2 protein chains.
Amino acid sequence: MATIGDVAKAAGVSRSTVSYALSGKRTISSETRERIESAIRQLGFTPNAGARALATSQTKVIGLFVQFFRDEFSPAMLQYVLPISDAAREAGYDILMVTEDDGPRALRRITDSDMVDGVILLNVAHDDERVPPLRAARQPGALVGLPKDTEGLDVFDLDFGEAARMLVDHLYELGHREIILISPNEHVITRGGAYAWRFRDAALERAARYGLRIHPFYGETQQPAVTESLNAILDQRPTATAIIVHNDAMIAGLPPVLNARGVRVPDDLSVVGIYSEDFGRLFSLPYTAIETSPDKLGRAAVQALVQRMQDPDGAGAPVVRFIAPELTDRGSTR
Amino acid sequence: MATIGDVAKAAGVSRSTVSYALSGKRTISSETRERIESAIRQLGFTPNAGARALATSQTKVIGLFVQFFRDEFSPAMLQYVLPISDAAREAGYDILMVTEDDGPRALRRITDSDMVDGVILLNVAHDDERVPPLRAARQPGALVGLPKDTEGLDVFDLDFGEAARMLVDHLYELGHREIILISPNEHVITRGGAYAWRFRDAALERAARYGLRIHPFYGETQQPAVTESLNAILDQRPTATAIIVHNDAMIAGLPPVLNARGVRVPDDLSVVGIYSEDFGRLFSLPYTAIETSPDKLGRAAVQALVQRMQDPDGAGAPVVRFIAPELTDRGSTR
DNA sequence: TACGGTAATCGAACCGGTTCGACAACGCAA
DNA sequence: TTGCGTTGTCGAACCGGTTCGATTACCGTA
């Protein structure tokens, strides 16, 4: 492969001149620039990333740390990864995707060896073990998901509390007075997925305030447990007139269950959920729902991170930003 | 951050000695080694990846090029990505994931700048534009999916022809004489997803050989078109006793359609498909199917690539390997 | 005509590792 | 006592970029 030295020789100039022609950081005469450019084209020169990283202390790579749990629903993750990858590329960064089980170790390995300029953590838990080592790293970090201690990091998440209140309000206003609430799998909560109890607590609190009866359940994540669980819940609360589902697997499994039971939506039961548009399309879900906007969250994280990588000091204090939930009415309530 | 020079100073040795202690490429006395190791621990030294890459011409990173099409079913892709990421890590490599729309450009950018030691292409089309630039790259490449010209590259794919024959045989032996065949979306075929027509042609050929009637259709990829299309197909061929579905979206949409029509499986209709176990679990699909084994394919690609990266000459001629399809009987035929 | 300012370029140092050749110290055999 | 092979370590060069300070040529102005 051609090096900058080869280009310099071919163009009859010094290496530094080629570098300046490339970066534009000093003025270069147009004749020289043309000679250099033609040499570059002829030799097919592309700067070596490692050498550039060494010289500039910049890799132009973002580390994306993804965590997959057996008790969560995996296809949803892709909806965060793709927009992040796209947004990063638009800003001139590539994505080093790390899926290692031992998150903290992987994080240290990558940041200590300076493989990346910044880090995005996906699916952050309340007590996420990756957060302390990220805070200790030289590189800035952005999180998708809310940990208990956000100091020093930009954090982005859906406002799950507000989402829950919107759904309860929606049902209450329609006259419902007895509601089923299905949360994520119990493991998710004990493990610390904060979104689970933020949503749940807010829903319960709001329901209590209105004096309406609400029956909380935990859902399953895999078939056939999902179907069994849904049937058990519906059997146990036959008088409920509405159901709020905050669980991807459970809501994806709901249509056939209701169908088999002869329950019509919304005539017999009002159904609301919280999931992304793409997810709903994937499973043909016809329910009114809060849009979780994984693309917005991912892009916001990239944007904040890029700013901080490019101007570590000028970027201001870290932010915790909750994006506002939006209700998409698909006519599954009345 | 501590450099190798800082470690050398702290241990009272030269930089090269530290390097040799780290790599073990020359003998180092045990006292010196201990001094060095303690210095490393105290200073928290981790070698700089860029500098190491520059010196060794090795990045220990694999470029993973993923292509998403609107007319394909996205969640399936994750099933390839995760095992590849895991296998790479086990072999000491990290994953640079590239999802850029302009695949050929991205490929050149990454390989020319020496950001990776090798490349894996996912979802390779018959006439994939990424293949020529990959062949021209310095780095070795492995493909998942069969292009028309495989020269110089390791290629891994499911034996779709054999898969189709197995399914036709299976149905024929059970006595079926009129079969519906649903292929991927027509766009997939015209765009060049070779697996689509490899499966289709083999199925038609086999059916012809047995003299059984087979009705080929193209499927849809998004609701509500999927449901409409399924209904139209079933309306059009009411006398068919079996159906072969080679289309993720169509088979995921099949259960509710059959249910709504009151068609019982396998009593009224025998159903077979071709999809991965994980995919089937995700959508609770109860059908006898050929397992597509994305994990096996991904891991095989990584393995071959690693070998070729570590011993470019000794790895022998490139291979095209078809993995043997396996039928999982879930009792949806009779 | 001397002088200061600007434009264009060069050379050298540096980033942080790895690796090659040299060399000192030592034990052992001739 | 000389010579040789081993072991352990060092210094220097190198990988391929970027960047700083210096230098030259040229311009307009005093």
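Residues numbered from 1 in each chain as written. Chains lettered and ligands numbered in written order. Predicted model: local features only at pLDDT ≥ 70, side-chain atom pairs only at ≥ 80, totals over all residues. Heavy atoms only, no water.

Draft legend 1. Looking closely at the overall build of chain A. If you tally the helices and strands in chain A, you get 15 helices and twelve strands. What you see for chain A is a C-alpha radius of gyration of 26 Å, clearly larger than the 20 Å of a compact globule of 334 residues, by over 25%. The principal-axis extent of the C-alpha atoms belonging to chain A is close to 85 × 35 × 35 Å. By the burial criterion, 54% of the 334 residues in chain A qualify as buried. The averaged location of the 44 negative side-chain charges in chain A is 4 Å from the averaged location of its 36 positive side-chain charges. (Helix = DSSP H or I, 4+ residues; strand = E, 2+ residues; numbered from the N terminus. Rg over C-alpha atoms; globule rule 2.2 N^0.38 Å. Buried < 20%, exposed > 50% of the residue type's maximum accessible area, 1.4 Å probe, protein only. Lys, Arg positive; Asp, Glu negative; His and termini not counted. Charge placed at Lys NZ, Arg CZ, Asp CG, Glu CD.)

Draft legend 2. Local environment of the protein's contact with DNA strand C. In the vicinity of DNA strand C, 31 residues are found, and the nearest of them are T17 and T32 of chain A together with I4, R15 and R26 of chain B. When the atoms of DNA strand C within 4 Å of the protein are grouped by moiety, sugar and phosphate amount to 52% of the total. A distance of 2.3 Å separates a base oxygen of DNA strand C from a polar atom in the side chain of R26 of chain B. Counting residues per element, the ones that place at least two in the surface near DNA strand C are helix 2 (15-23) and helix 4 (49-56) of chain A together with helix 2 (15-23) and helix 4 (49-56) of chain B. For the surface near DNA strand C, the element with the most residues is helix 4 of chain B, which contributes five residues. For the surface near DNA strand C, the per-class residue count stands at twelve nonpolar, 13 polar and six charged. (Near = heavy atom within 4 Å. Polar contact = N/O pair within 3.5 Å; in protein donor to acceptor, adjacent residues only side chain to side chain. Nonpolar A, V, L, I, M, F, W, Y, C, P; charged D, E, K, R; others polar.)

Draft legend 3. Main features of the sheet that holds strand 2 (residues 94-98) of chain B. Strand order in the open sheet formed by twelve strands is 11(A)-5(A)-4(A)-3(A)-1(A)-2(A)-2(B)-1(B)-3(B)-4(B)-5(B)-11(B), with mixed pairing between adjacent strands. Edge positions in the sheet fall to strand 11 (320-323) of chain A together with strand 11 (320-323) of chain B, since each of these pairs with one other strand and no more. Direction aside, neighbouring strands of the sheet carry axes that sit 20° apart on average. Across the sheet, helix 15 (residues 294-310) of chain B touches strand 1 (61-65), strand 3 (118-121), strand 4 (141-144), strand 5 (154-158) and strand 11 of chain B, and the angle it forms with strand 5 of chain B is around 170°. (Pairing = 2+ DSSP bridges. Axes fitted to C-alpha atoms, helices over the stretch in contact; angles between N-to-C directions. Contact = heavy atoms within 4.5 Å.)

Draft legend 4. Representation of the domain arrangement of chain A in the model. Domain annotation for chain A reports domain 1 (4-47), domain 2 (61-158 + 294-323) and domain 3 (160-292). Domain 1 of chain A and domain 3 of chain A are separated by 62 Å when their C-alpha centres are compared. (Domains from an automatic or database assignment.)

Draft legend 5. Spotlight on the protein's contact with DNA strand D. Around DNA strand D there are 31 residues in total, and I4, R15 and R26 of chain A together with T17 and T32 of chain B lie nearest to it. Backbone atoms, meaning sugar and phosphate, form 52% of the atoms of DNA strand D found within 4 Å of the protein. Here a base nitrogen of DNA strand D sits 2.8 Å away from a polar atom, N or O, in the side chain of Y20 of chain A. Here S14 of chain B contributes a backbone N or O atom positioned 2.8 Å from a phosphate oxygen of DNA strand D. Taken together, the elements giving at least two residues each to the surface near DNA strand D come down to helix 2 and helix 4 of chain A together with helix 2 and helix 4 of chain B. Here the surface near DNA strand D takes five residues from helix 4 of chain A, the largest share from any one element. Taken together, the residues of the surface near DNA strand D break down into twelve nonpolar, 13 polar and six charged.

Draft legend 6. Seen up close, the sheet that holds strand 6 (residues 178-183) of chain B. All names here are of chain B. Taken in spatial order, the six strands make up an open sheet running 7-6-8-9-10-12, and their pairing is mixed. The open sheet has two edge strands, strand 7 (213-218) and strand 12 (326-328), and neither has a second partner. Recorded for the sheet is a direction-independent mean angle of 20° between the axes of neighbouring strands. In the sheet, strand 10 (residues 288-291) pairs with strand 12 via three bridges, with the strands oriented antiparallel. Residue pairing across strands places E291 opposite E326, the latter belonging to strand 12. Across the sheet, helix 8 (residues 160-173) touches strand 6, strand 8 (242-245), strand 9 (270-274), strand 10 and strand 12, and the angle it forms with strand 9 is around 170°. The sheet contacts of helix 10 (residues 194-210) involve strand 6, strand 7, strand 8 and strand 9, and relative to strand 7 the element is tilted by about 165°.

Draft legend 7. Examining the packing of aromatic side chains more closely. Scanning the entire structure with this criterion turns up nine aromatic pairs over all chains. Aromatic side chains Y275 of chain A and F279 of chain A sit 6.1 Å apart centroid to centroid with 50° between the ring planes, which places their arrangement in the tilted category. You'll find Y275 of chain A and F279 of chain A in the same group, each marked buried. Ring geometry for F279 of chain B against F283 of chain B: centres 4.9 Å apart, planes inclined by 40°, an arrangement best described as tilted. Residue F279 of chain B is classed as buried on the basis of its relative accessible area, which comes to 2%. Assessed through its relative accessible area of 12%, F283 of chain B is described here as buried. Aromatic ring contacts, followed pair by pair, group Y275, F279 and F283 of chain A together with Y275, F279 and F283 of chain B into a single cluster. (Phe/Tyr/Trp six-rings, centres within 6.5 Å; stacked < 30°, edge-to-face > 60°.)

Draft legend 8. Looking closely at the interface of chain B and chain A. Every contact between the two is made by 39 residues of chain B and, on the other side, 39 residues of chain A. Taken over both partners, the interface formed by chain B and chain A buries close to 3,600 Å², and the fraction arising from carbon and sulfur atoms is 63%. On the chain B side of the interface with chain A, the three residues burying the most area are L78, M97 and L282 of chain B, jointly 15% of the side's total. At the junction of chain B and chain A, the tally comes to four salt bridges. (Buried area = accessible area lost by both parts, 1.4 Å probe. Salt bridge = Lys/Arg side-chain N within 4 Å of Asp/Glu carboxyl O.)

Draft legend 9. Representation of the pattern of salt bridges in the model. Counted according to the given criterion, the structure contains 42 salt bridges over all chains. Between R299 of chain A and E90 of chain A there is a salt bridge whose closest N-O contact spans 2.7 Å. Of this pair, R299 of chain A sits in helix 15 (residues 294-310) while E90 of chain A sits in helix 5 (residues 75-90), placing them 209 residues apart in sequence. Look at R299 of chain A and you get partly exposed, because its relative accessible area is 31%. With a closest N to O distance of 3.0 Å, R264 of chain B and D268 of chain B form a salt bridge.

Draft legend 10. Fine view of the relation of the copies chain B and chain A. Taken as rigid bodies, chain B and chain A are interconverted by a rotation of 180° and an axial shift of 0.0 Å, the fit giving an RMSD of 0.0 Å. Look at the turn and shift together and you get a two-fold axis relating the two. (Least-squares fit on C-alpha atoms with pLDDT ≥ 70 in both.)

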